[in-house]
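Here are the chains, one letter per residue:
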Amino acid sequence: MATVKNARRRPQAEVPEGESARTCVGCGARVSPHDLVRLVLAEAPDGTTTVVPDAKGGSFGHGAHVHPSPECLQVAVRKGLPRAWKREVKIDPAVLARDIVAAYSRRLEGLLLGGIRGGLVVFGGDAVAEACTNGEAVLLLVAADAAAAARRSVVVKMTEAGKTLVYGDKRGLARALGRTTTGADGTKDERDGVAVCALTNVALATAVRRAWLCAVGLSTTAVSVTSPADGSPRSPSEAEA
Ligand SMILES: [Zn+2]
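Residues numbered from 1 in each chain as written. Predicted model: local features only at pLDDT ≥ 70, side-chain atom pairs only at ≥ 80, totals over all residues.

(A) How the structure looks around unusual backbone geometry. At Lys86, a residue that is not glycine, the phi angle is positive and equals roughly 55 degrees. You can see Lys86 is positioned in the loop between helix 1 (70-85) and helix 2 (93-117). (Helix = DSSP H or I, 4+ residues; strand = E, 2+ residues; numbered from the N terminus.)

Here it is as C-alpha cells:
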C-alpha cells in the first residue's frame, strides 16, 4: 500500500532516457530535472540581481537546479548558487522558498485551468469515479478536508497506486479549477468547493505532479501521499495495465 510512511522520502526517480540529469546545487545529487526546481539569475540593467524560480521552464538566463527541500535550498544559497553563478547571491533562503512555492502554486493552477479548458480534468464524485473505473484517470487531486471523498474505494485504489496528491482544501481546489464564484458581498461561495478531481492526460499529470512536488516540498503542508518511484510518462492504457 502506498503509505504515509514514505511521504517524506524524496522520490529518487531514475533519469528517463533521452533526458539529461541535472545536479542539485544543494546536495550535489544528479537526478532528473523533473525532481528539481530551476532557478534563474535575473540581472536588471542597473546590475542588481534577483533569483527567480523558473516554474514553467525555459526561462532565459543563467539557470541552476535545486531540490525543493529546505535543506538543499539552505546549502544552495550559501554555497551552490554563488559557485554556479560565480557571484555573491544575496537572498534569504526562506524568502526564496516562499517565492518557489508561490511560483509553482501558480504554475499548478495554470495547468489545472488549462486542463479544465482542454477537457483533461473531470471533477465531481460521479465523474471522478467513472474516470477511475474506466481507467481514464491518470492522477487524482484530493482536497485535504475532503475526508469522505478520500475514503471512497475508487480514490483509495488510486492512492494505493501512488496516483493521488493532496491539494489544499475544497475551496482552494475549486479556485484552482476556476469554480469559485464571488458573491456580491465579496464572500466566496463554499458550495462551489471541489473535493476531488481526476486528470485524464499523462503529460498534464506529469507536469502537475512536478509542480505539486516543488510547491508542497517547500511549504509547511504535510505531504500525505507518495509519488511513485517511476515518474516516466506513460500512455493512459499502459498506466492502467
Ligand atoms: Zn539536493
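Resuming the write-up.
(B) Highlighting the sheet that holds strand 3 (residues 37-43). Spatially, the 3 strands line up as an open sheet ordered 4-3-5, and their pairing is antiparallel. In the strand order of this sheet, the two ends are held by strand 4 (49-53) and strand 5 (62-66), each with one partner. On average, each strand axis in the sheet is tilted by 30 degrees relative to the strand beside it, whichever way the strands run. Across 5 bridges, strand 3 lies against strand 5 in antiparallel orientation. Bridge pairing in strand 5 links Leu41 to His62. Sheet strands touched by helix 2: strand 3 and strand 4. Its angle to strand 4, the strand with the most contacts, is close to 45 degrees. (Pairing = 2+ DSSP bridges. Axes fitted to C-alpha atoms, helices over the stretch in contact; angles between N-to-C directions. Contact = placed C-beta atoms within 7 Å.)

(C) Spotlight on helix 1. Ala76 marks the point of greatest bend in helix 1, at about 60 degrees. Within helix 1 the residues assigned to the buried category are Cys72, Leu73, Ala76, Val77, Gly80 and Leu81. If you follow the buried residues of helix 1, they end up packed against strand 5 and helix 2. Downstream of helix 1 by a residue or two, Lys86 has a phi angle that is positive, lying close to 55 degrees. (Bend = angle between axes of the 7 residues up to and from the residue. Buried ≥ 20, exposed ≤ 12 C-beta atoms within 10 Å, placed from the backbone.)

(D) Spotlight on the sheet that holds strand 8 (residues 164-166). Read across the sheet, 4 strands follow the order 6-9-7-8 without closing on themselves; strand pairing throughout is mixed. In this open sheet, the two strands that pair with only one neighbour each are strand 6 (121-123) and strand 8. Each neighbouring strand pair of the sheet contributes to a mean axis angle of 25 degrees, computed without reference to strand direction. The pairing of strand 7 (residues 139-142) with strand 8 spans 3 bridges and is parallel. Considered in strand 8, the bridge of Val142 is made with Val166.

(E) Quick peek at the packing of helix 3 (residues 125-133) against helix 5 (residues 153-160). Running from amino to carboxyl end, helix 3 crosses helix 5 at an angle of 50 degrees, the nearest separation of the two axes being 9 Å. Relative to helix 5, the element helix 3 lies oblique. Crossing of helix 3 over helix 5 shows left-handed handedness. On helix 5, the residues touching Ala129, Cys132 and Thr133 of helix 3 are Val154, Lys157 and Met158. (Parallel < 35°, antiparallel > 145°, perpendicular 65-115°, else oblique. Left-handed = near helix turned anticlockwise from the far one by under 90°.)

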